[in-house]
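The chain contents come next:
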Amino acid sequence: MMAMALDRVGAPLQSVERRVEAPRRGQIAVRVAACGICRTDLHVIDGDLPRPKPHVIPGHEIIGRVTAVGPGVDALKVGDRVGIPWLGKTCGRCRFCRAGQENLCERPEFTGYTIDGGYAQFAIANADYAFKIPSIYSDAEAAPLMCAGLIGYRAWKLVAEARRLGIYGFGAAAHIVAQLAVFHGQEVYAFTRAGDTPAQKLARELGAKWASASDEKPPHPLDGAIIFAPVGSLVPLALKALDKGGTLVLGGIHMSDIPSMPYELLWGERVVRSVANLTRQDAVEFLKIAPRIPIRPHVTTFGLSEANAAIARLRAGKLTGAAVLIPPA
Ligand SMILES: [Zn+2]
Ligand SMILES: [Zn+2]
């Protein structure tokens, strides 16, 4: 099969031929129909995340059809359409797993980072970490739900009570969360890079009340905010826009350093917290809610061999919505 693999950290992905593996106990093999590009893939490629699997195939927003099941797999069968997210496996035994916080597992596996992901024609996944996909979604549309959607949903739950919600970094996750927030009656304030008119336009189309540059002051103080951009200098800016008692959620897996700031910005019981990974429960909840709203991801598709070009566009901020790779059939 054809795949795009990371031969060397920091270098472009290489097109490689790999053997299609047979699924082992508890695993499924999937023919990949679509795989979203997440910003975390850029952090894997750039070496921001330590110790990736050598020559890893990135990609953790996989939509595909099951082609084979290993021994002990009962819940899925050949032909099922599934989504495979970032959380690839957890130990089930550590203190976090036992406390219902498998997103913080001490011995986790992550798709497209410690195990091979979906920038390929086939992928192997642990069946217990794959999810059936609602039929209203096409393969390409469903792909960004698997990370932008799931992590976005987990971040959003922490500010679900905010009347006025700020969203910083209006990319794949933000455009999904905006739909979730508007549906729940929240006022959405979208913050983008200065001059990113297409992202501001998309935000308004999706129901945002206000859309402007990240260093602009919104017309009202915000009750909650989420930062999806991996930019630490946004933290003091977002705190400035936040009302007393408000919560600021950091939704990225990696962020540049947060600059030193006056304590006054945090004073007034403002809360800053991160969101790490996801639990399978998040996936179950989100995949139930998404089609009811219905959340409609805006996607731009690329052939699998165009992965490096697509990544470059994402890096340059020249994509609105989500980028999705389509492998050759
Ligand atoms: Zn664990
Ligand atoms: Zn991701």
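What counts, and where the lines are drawn
Residues numbered from 1 in each chain as written. Chains lettered and ligands numbered in written order. Predicted model: local features only at pLDDT ≥ 70, side-chain atom pairs only at ≥ 80, totals over all residues. Heavy atoms only, no water. Donors = N, O, S within 2.8 Å, 3.2 Å for Na, K, Ca; no water. Helix = DSSP H or I, 4+ residues; strand = E, 2+ residues; numbered from the N terminus. Buried < 20%, exposed > 50% of the residue type's maximum accessible area, 1.4 Å probe, protein only.

### Here's the deal with the coordination of the zinc ion (ligand 2)
Put simply, the ideal angle at a metal is 109.5 degrees for four donors in tetrahedral geometry and 90 or 180 degrees for six donors in octahedral geometry. All of the protein donors around the zinc ion (ligand 2) are Cys-38 (SG), His-60 (NE2) and Cys-147 (SG); their distances to the metal are 2.0 to 2.2 Å. The sequence pattern formed by the donor residues of the zinc ion (ligand 2) is C-x21-H-x86-C. Of this pair, His-60 sits in the loop between helix H1 (39-46) and strand S4 (62-69) while Cys-147 sits in the loop between helix H3 (139-142) and helix H4 (148-157), and the two are 87 residues apart along the sequence. Judged by its relative accessible area of 1%, His-60 is buried. Looking at Cys-147, the relative accessible area reads 6%, which means it is buried.

### Some thoughts on unusual backbone geometry
Cis geometry marks the peptide bond from Ile-293 to Pro-294, where omega comes out at -20°. Of note, Pro-294 is situated in the loop between helix H8 (280-289) and strand S16 (299-303). Positioned with a positive phi, His-55 is a non-glycine residue whose angle comes to about 55°. Structurally, His-55 is set in the loop between H1 and S4. On the basis of relative accessible area, His-55 is assigned to the partly exposed category, the value being 42%. In this model, Asn-277 sits at a positive phi of 60°, which is unusual for a non-glycine residue. Checked against the element boundaries, Asn-277 lands in the loop between strand S15 (271-274) and H8.

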